[in-house]
Amino acid sequence: MQGIMNKPILEMKNITKKFGTVTALKNVNLEVYPGEIRGLIGENGSGKSTISSIAAGMQKPSEGRMLFHGEMWQPESMVDALNKGIGMVVQESGTISGISVAENIFLGELGNFRRHFAVDKKKLCEEADKALANIGITEFKGRDIIDTLSFQERKLVEIAKVMLKNPDILVIDETSTALSHDGRQIMYRMMDKIREAGHSVIFISHDLDEIMEVCDTLTVLRDGNLIRTFTKDEFDEDKIRTSMIGRELNGDYYRADFSAAHREEKALTAAKLCYANKIKNLSLTLHKGEILGVGGLSDCGMHELGEMLFGAIKPESGTVRTAEGREIKSPHQAVAEKIGYVSKDRDRKSLCLEASIKDNISVAGMNRYMTKTGLITGRRERAYVEEQIDALKIKCSDQNQAVSQLSGGNKQKVVFGKWIGCGSEILILDCPTRGVDIGVKQAMYQLMTRLKEEGKAILMISEELPELIGMSDRILIMKDGEVTKEFERSKDLTEADIINYMI
Ligand SMILES: Nc1ncnc2c1ncn2[C@@H]1O[C@H](COP(=O)(O)OP(=O)(O)OP(=O)(O)O)[C@@H](O)[C@H]1O
Ligand SMILES: [Mg+2]
């Protein structure tokens, strides 16, 4: 590691962070060197976001101190930290809706664009376009309203905004799962440039392959403790995994069988769906006891397809019908037909962040804990929620805790638990394992397999090919709003077989 010779650019000493009774970090010592890409890995709730957001001025440590370029580092806020050299792309959505891309990029600095008492919009948009081009984006512009952008594009806006300040240290918190192939390439290229300039990156990801590929060093956190830092020559998948979870991971990861079996009965049928150039004359049938995978690049229309099957987007023509022929026209109807939906964009579409874990989980499961006479008792409701918390190992102080206080992966578990537990007969899962650690991923796959065996129908939209290959009975590959290819489950199916039909 080249950095060892140099002086560290950032030193975090004995950092402890407490939230009420929860200790998120215990005496963590972390040093980052110039020209280093440092990976951070660990289970959901292990403290990755907390330690890096302390460095980036988002919150203050309860104990401990920090040095940046050898001097005391006590940023007042994220903006302050960014101006002084540490920028962060946060794990959750970091853009503000209702305003333009340009306004998002220059938020807090609009004063610099004032001309005759008003903001010079033309100049603002021009500068924003430059900031976007700076990281290689020309597909959308500064004048676009942020809400017209996809999830991935909004994440790229955040990256452009931070990169504008050319920070000495860039923190990238679990951003890869928000990006598809192209977006990731943009990010990796940018990280290389940062390293070449002698600056540093703190890179958080649950994807062990990815993190071993892009990082020079890798630090493992577990339960708020820094367990170990690996240098590149020490990288070893099993050793890293074991230090992450404190035990060896046993059992099958994906489904063990290779038969593409499902029941004859249909669960949901989509016929000739069309929608604004995003979905073109698309038809599909989902069967009971089937896991139907849908894959493609992030702009292929698959996320819109998921929303459409749940009734959240109205097709311009075509229909979505249940086995009994009833048409799904709204999420309300979908829920009445026992359809559950996990959105990729969990913060905006799947969770009420200010409400408790209990309220988020219990809304969909009412028919499960209601007595035969329609009575809802607090005790039964609590027991139902507790079941989901246990099944998915949701890390929380108790079920009344606000979802906003959970770590990213634990929020995702709440969304999953809300729909999996409530007796949905049909599940539409859009990137269900986004941001969850390997142990929980395994638990989610096991749950999905069990539901399949019970005869439930699952449509899983995913950008991860190993997951599609590992779990699906059939895989539909989409490109430009159309299904370009269908694959049957098979032991011989490889990623290379699929990729050609995506791009
Ligand atoms: N504002 C808060 N209030 C209470 N507890 C919090 C708050 N923020 C974080 N925590 C707790 O601190 C612990 C560490 O959370 P952190 O977000 O750092 O985890 P993480 O390693 O980033 O996990 P993930 O992979 O799921 O993103 C968790 O138990 C979390 O619930
Ligand atoms: Mg996190």
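Because the structure is predicted, anything quoted here is derived from the model rather than measured. Along each chain, residues carry numbers from 1 onward, in the same order as the chain's sequence is written. Here the convention is simple: chains get letters from A, ligands get numbers from 1, in the order in which they are written. With pLDDT at 70 or above as the cut-off, local features in this predicted model cover only qualifying residues; side-chain atom pairs require 80 or more to be listed or tallied, and sums for whole chains, interfaces and linings still use all residues. Side-chain measures here rest on the full set of heavy atoms in the structure, leaving out hydrogens and waters.

Quick word on the environment of Phe203
By the criteria applied, helices consist of DSSP H or I runs no shorter than four residues and strands consist of E runs no shorter than two, each listed in order from the N terminus. In this structure, Phe203 sits in strand S10 (residues 200-204). Partly exposed residues are those whose accessible area sits between 20% and 50% of the maximum for their type, while under 20% is buried and over 50% is exposed, using a 1.4 Å probe and protein chains only. Given the relative accessible area of 0%, Phe203 is considered buried.

Re the sheet that holds strand S11 (residues 217-222)
The sheet built from 6 strands is open, its strands ordered S6-S9-S10-S3-S11-S12 with mixed pairing. The open sheet has two edge strands, strand S6 (86-89) and strand S12 (225-231), and neither has a second partner. Adjacent strand axes in the sheet meet at a mean angle of 20 degrees, parallel and antiparallel pairs treated alike. What makes two residues a contact is simply this: any of their non-hydrogen atoms within 4.5 Å. Lines fitted to the C-alpha atoms define the axes, with helices restricted to the stretch that makes contact. Angles between their N-to-C directions range from 0 to 180 degrees. Most of the contacts of helix H1 (residues 48-55) go to S6, to which it runs at about 145 degrees, and overall it touches strand S3 (37-41), S6, strand S9 (169-173), S10 and S11. Taken strand by strand, helix H8 (residues 237-245) contacts S3, S11 and S12, and its axis lies near 30 degrees from that of S11. In this description, strands pair whenever DSSP reports at least two bridges between them.

Remarks on the sheet that holds strand S4 (residues 63-68)
Backbone hydrogen bonds hold the strands of a sheet together, and the pairing may be parallel or antiparallel. Strand order in this open sheet of 4 strands is S2-S1-S4-S5, and the pairing throughout is antiparallel. Either end of the sheet is taken by a strand with one partner, and the two such strands are strand S2 (22-32) and strand S5 (71-72). Where strand S1 (residues 10-19) meets S2, 7 bridges bridge the pair, whose relative direction is antiparallel. Looking at the pairing, Lys17 lines up with Leu25 of S2. Sitting on the sheet, H1 touches S1, S2 and S4, and the angle it makes with S1 is about 120 degrees.

Overview of the coordination of the magnesium ion (ligand 2)
Metal donors: N, O and S atoms at distances within 2.8 Å, or within 3.2 Å for Na, K and Ca, with water omitted from the atom set so that some sites may seem incomplete. The magnesium ion (ligand 2) binds to the protein through Ser49 (OG) and Gln91 (OE1); the donor distances cover 2.0 to 2.2 Å. On the criterion of sequence distance, the pair formed by Ser49 in helix H1 and Gln91 in the loop between S6 and helix H3 (101-105) is long-range, its members being 42 residues apart. Note on Gln91: relative accessible area 14%, which makes it buried.

As for the pattern of salt bridges
Whenever Lys or Arg places a side-chain nitrogen within 4 Å of a carboxyl oxygen from Asp or Glu, that contact is recorded as a salt bridge. Evaluated as defined, the whole model comprises 28 salt bridges. We note a salt bridge from Asp473 to Lys452, for which the minimum N-O separation is 3.0 Å. With Asp473 in the loop between helix H17 (465-471) and strand S20 (474-479) and Lys452 in helix H16 (residues 438-453), this pair connects stretches of sequence that are 21 residues apart. Judged by relative accessible area, which is 12%, Lys452 ranks as buried. Across the salt bridge formed by Glu454 and Lys456, the nearest N and O atoms sit 3.0 Å from each other. By relative accessible area, which is 42% here, Glu454 ends up partly exposed. One continuous salt-bridge network, built from bridges that share partners, spans Arg255, Asp257, Lys452 and Asp473.

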